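Spelled out from the first residue to the last, the chains are:
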Amino acid sequence: MYNMDEWKHIFKLDPAKEISGDMIDKLCESGTDAIIVGGTDDVTLDGVLQLLSRIRRHAVPVILEISNIESVTPGYDYYFVPMVLNSQEKKWLIDVQHEAIVEYGDVINWDEMFAEGYCIMNPESKVYQHADCKLPTDEEAIAYARMVEHLFMLPFFYLEYSGTYGDSALVEAIQQELQETKLIYGGGIETKEQAAEMSEFADIIVVGNVIYDNPKEALKTVNATK
Ligand SMILES: CC(C)=CCC/C(C)=C/CC/C(C)=C/CC/C(C)=C/CC/C(C)=C/CC/C(C)=C/CC/C(C)=C/COP(=O)(O)OP(=O)(O)O
Ligand SMILES: O=P(O)(O)OC[C@@H](O)CO
Ligand SMILES: [Mg+2]
């Protein structure tokens with residue numbers, strides 16, 4: 001299903017982690033709307049290519065969420081480009097992306113490229129530390145969402161709790177600010193009940209770690225969003 005407006009659920013696979021062929025088949029045929037390939041560290045061209053070839057045997061849309069320029073390869077349906085709003089370094093908001101576009105701008109197919117305004121909410125997560133983030137208050141997080149919708153006009157606002165379950169009241173408050181921009185929620189979803197709760201407010205939920213920790217429960221999150 002290639003109409004992003006109807007997406008509710010995405011599995012995120014980490015190219016640095018082992019996964020069986022059987023589990024990849026189950027995830028791809030689960031009824032999820034898309035698969036994202038991405039992670040914070042050890043994302044290599046080899047890992048990104050291997051996962052692509054294993055997922056490609058199925059009809060599900062496959063997205064590369066770019067974490068470094070060295071691991072970008074053709075063949076994905078879409079490329080999601082993170083822009084970290086609450087980073088303390090301009091580098092992670094705009095500079096690494098700018099460098100990539102200086103270098104490769106002439107060959108980019110812009111129809112496949114989508115920016116994500118990231119707001120990273122878990123100080124313990126690798127990605128928070130990697131991108132040198134600062135924890136926003138709820139009020140400040142809502143202000144980032146307003147900027148993404150009205151000033152930057154990005155297609156996605158990603159409320160990222162990577163590794164821990166977030167605050168559904170904040171997800172609800174942010175949803176109320178967004179009309180054009182889609183709200184992605186990710187982090188700590190381990191059960192179908194949590195998937196259902198966050199789906200009530202987020203347009204799309206992303207399920208990551210539980211795929212590796214508890215595959216059976218991971219698969220149950222799909223139906224909770226429908
Ligand atoms: C199609 C094709 C071949 C085109 C060629 C042209 C080309 C190269 C286009 C690229 C264009 C472009 C604009 C690229 C941007 C490149 C870039 C360097 C982006 C950096 C993005 C960024 C800010 C990264 C830092 C933060 C980060 C890693 C965000 C990703 C999201 C993430 C991994 C969140 C945490 O995930 P999680 O699963 O929780 O992490 P761990 O489990 O690993 O902890
Ligand atoms: O791995 P978890 O905690 O499920 O988070 C999913 C995703 O938001 C990570 O970018
Ligand atoms: Mg991960």
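Since the structure is predicted, the reported quantities are computational estimates derived from the model, not experimental observations.

J.: Would you mind showing me how to read a nonpolar patch on the surface here?
T.: A surface patch of nonpolar side chains, about 360 Å² in accessible area, is lined by Ile69, Val72, Tyr104 and Val107. Looking at the secondary structure, you find valine 107 in the loop between helix H3 (90–104) and strand E5 (113–120).

J.: Where do I start with the site of ligand 2 in this structure?
T.: Lys12, Tyr158, Glu160, Ser162, Gly163, Gly186, Gly187, Gly188, Val206, Gly208 and Asn209 make up every residue found near ligand 2. Between ligand 2 and lysine 12 there is a distance of 2.5 Å, counted from an oxygen atom to a side-chain nitrogen or oxygen. In the environment of ligand 2, an oxygen atom lies 2.5 Å from a nitrogen or oxygen atom belonging to the side chain of glutamate 160. Taken together, the residues of the shell around ligand 2 sort by class into 2 nonpolar, 7 polar and 2 charged.

J.: What is the right way to read the UniProt feature "binding site: Mg(2+)" (unreviewed entry) in the protein from this model?
T.: The UniProt entry lists Asp14 and Thr40 under the feature "binding site: Mg(2+)" (unreviewed entry), expressed in the numbering used here. These annotated residues cover 27 residues of sequence, and their C-alpha atoms lie no more than 8.6 Å from one another, placing them together at a single site. Checked against the element boundaries, aspartate 14 lands in the loop between strand E1 (9–13) and helix H1 (21–28). Leave out the neighbours within four places in its chain, and aspartate 14 touches Gly38, Gly39, Leu51 and Tyr212. Within the structure, the side chain of aspartate 14 is placed 2.8 Å from the backbone nitrogen of alanine 16, a separation counted as a polar contact. Mapped onto the elements of the fold, threonine 40 is located in the loop between strand E2 (34–37) and helix H2 (45–55). Residue contacts for threonine 40: discarding those within four places in its chain leaves Lys126, Val127 and His130.

J.: Is there a simple way to think about the packing of H1 against H2 in this case?
T.: Axes are the key here: two packed helices are described by the angle between their axes and the distance separating the axes. As a packed pair, H1 and H2 sit with axes 10 Å apart at the nearest point and diverge in direction by 60°. For the element pair H1 / H2, the angle class is oblique. Both H1 and H2 take part in a crossing whose hand is right-handed. Residues Gly21, Ile24 and Cys28 of H1 touch H2, and the partners they reach there are Leu51, Arg54 and Ile55.

J.: So what exactly am I meant to see when it comes to the site of ligand 1 here?
T.: Within the structure, ligand 1 sits among 27 residues, and Gly39, Thr40, Tyr118, Lys126 and Ser162 are positioned closest to it. Within the backbone of threonine 40, a nitrogen or oxygen atom sits 2.9 Å from an oxygen atom of ligand 1. In the environment of ligand 1, an oxygen atom lies 2.4 Å from a nitrogen or oxygen atom belonging to the side chain of serine 162. Burial of ligand 1 by the protein chains amounts to 91% of its free accessible area of 1,100 Å². Elements represented by at least two residues in the shell around ligand 1 include exactly strand E4 (78–84), H3 and helix H4 (126–130). Residue contributions to the shell around ligand 1 peak at 6 residues, all from H3.

Conventions used here
- Residues numbered from 1 in each chain as written.
- Chains lettered and ligands numbered in written order.
- Predicted model: local features only at pLDDT ≥ 70, side-chain atom pairs only at ≥ 80, totals over all residues.
- Heavy atoms only, no water.
- Patch = residues over 30% accessible without salt bridge, like charges linked within 9 Å, V, L, I, M, F, W, Y side chains within 5 Å.
- Areas by Shrake-Rupley, 256 points an atom, 1.4 Å probe, with all protein chains shown as cover.
- Salt bridge = Lys/Arg side-chain N within 4 Å of Asp/Glu carboxyl O.
- Helix = DSSP H or I, 4+ residues; strand = E, 2+ residues; numbered from the N terminus.
- Near = heavy atom within 4 Å.
- Polar contact = N/O pair within 3.5 Å; in protein donor to acceptor, adjacent residues only side chain to side chain.
- Nonpolar A, V, L, I, M, F, W, Y, C, P; charged D, E, K, R; others polar.
- UniProt positions renumbered as here; feature names shortened; annotations may be inferred.
- Contact = heavy atoms within 4.5 Å.
- Axes fitted to C-alpha atoms, helices over the stretch in contact; angles between N-to-C directions.
- Parallel < 35°, antiparallel > 145°, perpendicular 65-115°, else oblique.
- Left-handed = near helix turned anticlockwise from the far one by under 90°.

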